[in-house]
Amino acid sequence: MMDWIYTIVSKVLLLWHSLFDKLWGDGTWLATNWDWVLAIVFLVLTVRVLLFPLFIKQIRSQRAMQTLQPQLKALQEKHKGDKETLQREMMELYRREKANPLMGCLPLLIQMPIFFGVFHVIKRLGTGTVDETLYGWTAAQFQSGMSADLFGVSIGATFRDGGTAAVLCGILGVVMIITTYMTSRQMILKTGWSEDPTQKMMQKLMLYGIPATLIISAVAFPLGLIIYWTTTNLFTLGQQMWVLKKYPPPKMGGKPEPKVVDPEVAKALAPKVGAKPANAKRKTVKKNVG
């Protein structure tokens, strides 16, 4: 059932590899086959460019959801304790305002089959297979991919292989987890937490749930897949930064966005207990003269 996805992923990966291979051969430098590593990186760029229009729709949907926050909060107060009525009223509000609370997760849902496709293709390179010509590969391309390294570690290696593979997969795995968290945090800090319980649950899942699962998954991921995921996160961070700057979130009720103050800085600037304010104004009493 997933063969068509494996074939598309393979075609794009092989297309980029063929291009880089023509530019500088196998591109080996620092014990790294850069033609294959860059092919994985540009596979990410291809996917992200194709998903960019959907990403813009995601941002617009989030903007629409943000403008509905006061109405959602009012509905929650009005129907407190009556979840069935609350859900029905919220669905009617979404329909009337043409807002979709699920749109925020749609790009991720579309990327997941592609992610599984990359996982399957790279895993085949790491484990080897009897049929090397599946999904449009030639035997020569498959053998070349199997021997591809990043700093001397096969792109099909995993943390469980130990040694240098464990070190490199571990380092990039930590980067992958941190950047996954940062991509979600960046968006939530700008748009704020949703008043809709369903939307808020999705935000928490994106912020904490997915990075937490990656702690376990990173052990089993082949190195090439970690490269793919980390590159995706870095691209998304830059993409979100540009979009959030170009299309800033609307200010709710005309109020400016709250200024985020570092807790340590606030603590340092706070007046000492019992101390008089340094800039306190002194009142002078003028005496009436005669």
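None of these values were measured; they are calculated from a predicted model.

Draft legend 1. Here's a closer look at a nonpolar patch on the surface. Together, Leu19, Leu23 and Trp24 make up an exposed nonpolar region whose accessible area comes to about 310 Å². With relative accessibility at 41%, the residue tryptophan 24 sits in the partly exposed group.

Draft legend 2. Structural detail: helix 5 (residues 106–127). For helix 5, with 22 residues, the first-to-last C-alpha span of 32 Å sits near the 32 Å given by 1.5 Å per residue. Along helix 5, the sharpest kink reaches roughly 30°, centred on methionine 112 and followed within four residues by the proline proline 113. Taken residue by residue, helix 5 has Pro107, Gln111, Phe115, Gly117, Val118, Val121, Ile122, Arg124 and Leu125 as its buried positions. On its buried side, helix 5 packs onto helix 1 (3–24), helix 2 (34–67), helix 6 (139–146) and helix 9 (223–246).

Draft legend 3. Local environment of the pattern of salt bridges. Applying the stated criterion to the full structure yields three salt bridges. For arginine 95, the salt bridge identified is with glutamate 92, shortest N-O distance 2.5 Å. Of this pair, arginine 95 and glutamate 92 both sit in helix 4 (residues 83–97), three residues apart, roughly one helical turn. On the accessibility criterion, arginine 95 (56% relative accessible area) is exposed. In this structure glutamate 92 comes out as partly exposed when scored by relative accessible area, which is 31%. Of the charged contacts, one joins arginine 96 and glutamate 92 as a salt bridge, the two residues approaching to 3.9 Å between their closest N and O atoms.

Draft legend 4. Inspection of the packing of helix 3 (residues 69–78) against helix 4 at higher detail. Their axes nearest at 10 Å, the elements helix 3 and helix 4 cross at an angle of 160°. Relative to helix 4, the element helix 3 is oriented roughly antiparallel. In the crossing of helix 3 with helix 4, the sense of the turn from one axis to the other is right-handed. Note on element contacts: helix 4 touches helix 3 through Leu86, Glu89, Met90, Leu93, Tyr94 and Arg96, opposite Gln71, Leu72, Leu75 and Gln76. Residues of the contact of helix 3 with helix 4, tallied by class, amount to six nonpolar, two polar and two charged.

Draft legend 5. Structural context of the packing of helix 2 against helix 5. Helix 5 packs onto helix 2 with a crossing angle of 165° between their chain directions and a minimal axis gap of 10 Å. Taken together, helix 2 and helix 5 sit at an angle that is classed as roughly antiparallel. When you trace helix 2 past helix 5, the crossing you get is right-handed. Contacts between helix 2 and helix 5 pair Ile40, Leu43, Val47, Arg48, Leu51, Leu54 and Gln58 from the former with Leu106, Pro107, Ile110, Gln111, Ile114, Val118 and Ile122 from the latter. A per-class count over the contact of helix 2 with helix 5 returns 11 nonpolar, two polar and one charged.

Draft legend 6. Here's a closer look at the nonpolar core. Leu13, Leu43, Trp137, Phe221 and Tyr228 are the most contacted members of the largest nonpolar core, which totals 44 residues. Contributing elements (two or more residues each) for this core: helix 1, helix 2, helix 5, helix 7 (163–191), helix 8 (197–220) and helix 9. Examining the composition of this core, we find that 10 residues originate from one element, helix 2, more than from any other. The contacts of phenylalanine 221, once residues within four sequence positions are left out, are Phe115, Phe119, Ala157, Thr158, Met176, Leu214, Ile226 and Trp229. Formed by nine residues, the second largest nonpolar core is a distinct cluster that contains Met65, Met90, Leu93 and Ala99.

Draft legend 7. Up close: the side chain of asparagine 33. Within the secondary structure, asparagine 33 is located in strand 2 (residues 32–33). Of the polar contacts made by the side chain of asparagine 33, one reaches the backbone nitrogen of aspartate 149; its length is 2.8 Å.

Rules used in this analysis
- Residues numbered from 1 in each chain as written.
- Predicted model: local features only at pLDDT ≥ 70, side-chain atom pairs only at ≥ 80, totals over all residues.
- Heavy atoms only, no water.
- Patch = residues over 30% accessible without salt bridge, like charges linked within 9 Å, V, L, I, M, F, W, Y side chains within 5 Å.
- Areas by Shrake-Rupley, 256 points an atom, 1.4 Å probe, with all protein chains shown as cover.
- Salt bridge = Lys/Arg side-chain N within 4 Å of Asp/Glu carboxyl O.
- Buried < 20%, exposed > 50% of the residue type's maximum accessible area, 1.4 Å probe, protein only.
- Helix = DSSP H or I, 4+ residues; strand = E, 2+ residues; numbered from the N terminus.
- Expected span 1.5 Å × (residues − 1).
- Bend = angle between axes of the 7 residues up to and from the residue.
- Contact = heavy atoms within 4.5 Å.
- Axes fitted to C-alpha atoms, helices over the stretch in contact; angles between N-to-C directions.
- Parallel < 35°, antiparallel > 145°, perpendicular 65-115°, else oblique.
- Left-handed = near helix turned anticlockwise from the far one by under 90°.
- Nonpolar A, V, L, I, M, F, W, Y, C, P; charged D, E, K, R; others polar.
- Core = buried A, V, L, I, M, F, W, Y, C linked by side-chain atoms within 4.5 Å.
- Polar contact = N/O pair within 3.5 Å; in protein donor to acceptor, adjacent residues only side chain to side chain.

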